[in-house]
Structures are given as structure tokens and as C-alpha cells.
Amino acid sequence: MNNQTFRCIEILLVEDSPSDAHLTIKGFQKAKIANNLHWVEDGETAMNYLRQEGEYTNAPRPDLILLDLNLPGLDGREVLTEVKSDPDLKRIPVVILTTSTDEHDILRSYNLSANCYVTKPIDVYQFIEVVQLMQDFWLAAVAFPRD
């Protein structure tokens, strides 16, 4: 028997659309792997969460960030820039999860060191399928750095 310590995978979802957030949460709730998904609705709140500031002083460090690009205030591109330029955060994998199919957004995201770029499907069932595919890869196949 494996005596390895069990730990849930911590996920931070940065998404301003409540309907998209609920679909993402629903998809990850069906996961076969234990995870804790935390949802924030804008970039400023995401950075407070990641830096454990204000009401997030005891927030767990995420193993994975799911980031929408089109956020109010500090947008996803700015959040990605801040995360990847911060020595304490830069190793956290960031998956861009957005409606944008613009080639410039895709290129810019990868240039800013995004780990993956996923376009949200319009259809609800396809959206849940995409979330489950992400879950299968990021939660079942990927090893995360432990700080």
C-alpha cells in the first residue's frame, strides 16, 4: 500500500461570468480526483488571493490557475503578466480559459508564459466536456511543483 500523503489539488478560477464559473465548477465537481476550486470574479481579487492579502491571508496556494482574459478592471493579460513576473507565483501553471479566438490573444498569452490556451465552447455540453478534458489532463497527468 502507498503511504504517500494525500492532498487535494487547489484550483483558482478567475472568471467574471457567473454562468461560465458555475459550468466550470460543475465540471470539476465530477472529477475523479479530489480538488478544491476557489472562484474569484476579477483580476484585483485574484492577485489579492494569490498574494494572500486582505481577506485572503489564509487562502491556500493554488496548484493551477484557470484564467479568463476578459475581466473587469485588471484583465486576464495583466494578471498573467503579474503572476509570471512574480518569483513566488511564476511556477503556478496558468490555463487561459476564454471566449477569445483572436490569434493575437493566443500569441500574446503564450508570450506571457501561459501554460495552455483553451477557447470556451458556446454549447453548454461542449463546455462541460472541455472542462472534463482539462481536468483529466491537469489533475490526473500533470505533476505540480510543491513550494
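Higher on the page you've got the structure.
Keep in mind it's a predicted model, so treat the numbers as computed, not measured. (Residues numbered from 1 in each chain as written. Predicted model: local features only at pLDDT ≥ 70, side-chain atom pairs only at ≥ 80, totals over all residues. Heavy atoms only, no water.)

A sheet is described by the order of its strands in space; here five strands give the open sequence 2-1-3-4-5, paired in parallel fashion. Lying at the two open borders of the sheet, with one neighbouring strand each, are strand 2 (35-40) and strand 5 (116-119). Neighbouring strand axes in the sheet, compared pairwise and without regard to direction, differ in orientation by 20° on average. Two strands pair when backbone bridges link them, and strand 4 (residues 94-98) and strand 5 are joined in this way by four bridges, in the parallel orientation. Counted as the bridge partner of T98 is T119 from strand 5. Helix 1 (residues 18-29) rests against strand 1 (9-14), strand 2, strand 3 (64-67) and strand 4 of the sheet, and its axis sits at about 175° to strand 2. (Pairing = 2+ DSSP bridges. Helix = DSSP H or I, 4+ residues; strand = E, 2+ residues; numbered from the N terminus. Axes fitted to C-alpha atoms, helices over the stretch in contact; angles between N-to-C directions. Contact = heavy atoms within 4.5 Å.)

With that out of the way, let us pick up the nonpolar core. Among the nonpolar cores identified, the biggest contains 23 residues, and V14, L50, I65, L67, V83 and I96 are the most heavily contacted of them. Of all the secondary-structure elements, those providing two or more residues to this core are strand 1, helix 2 (43-50), strand 3, helix 3 (76-85) and strand 4. The biggest single contributor to this core is helix 2, with four residues. Leaving out residues up to four positions away in the same chain, L67 has contacts with V14, G76, V79, L80, V94, V95, I96 and L97. (Core = buried A, V, L, I, M, F, W, Y, C linked by side-chain atoms within 4.5 Å. Buried < 20%, exposed > 50% of the residue type's maximum accessible area, 1.4 Å probe, protein only.)

Even without being glycine, Q52 reaches a positive phi, approximately 55°. Since its relative accessible area comes to 38%, Q52 is described here as partly exposed. Positive phi, normally seen in glycine, also occurs at S113, with a value near 75°. Topologically, S113 is positioned in the loop between helix 4 (103-111) and strand 5. Residue classification places S113 among the partly exposed positions, given a relative accessible area of 40%.

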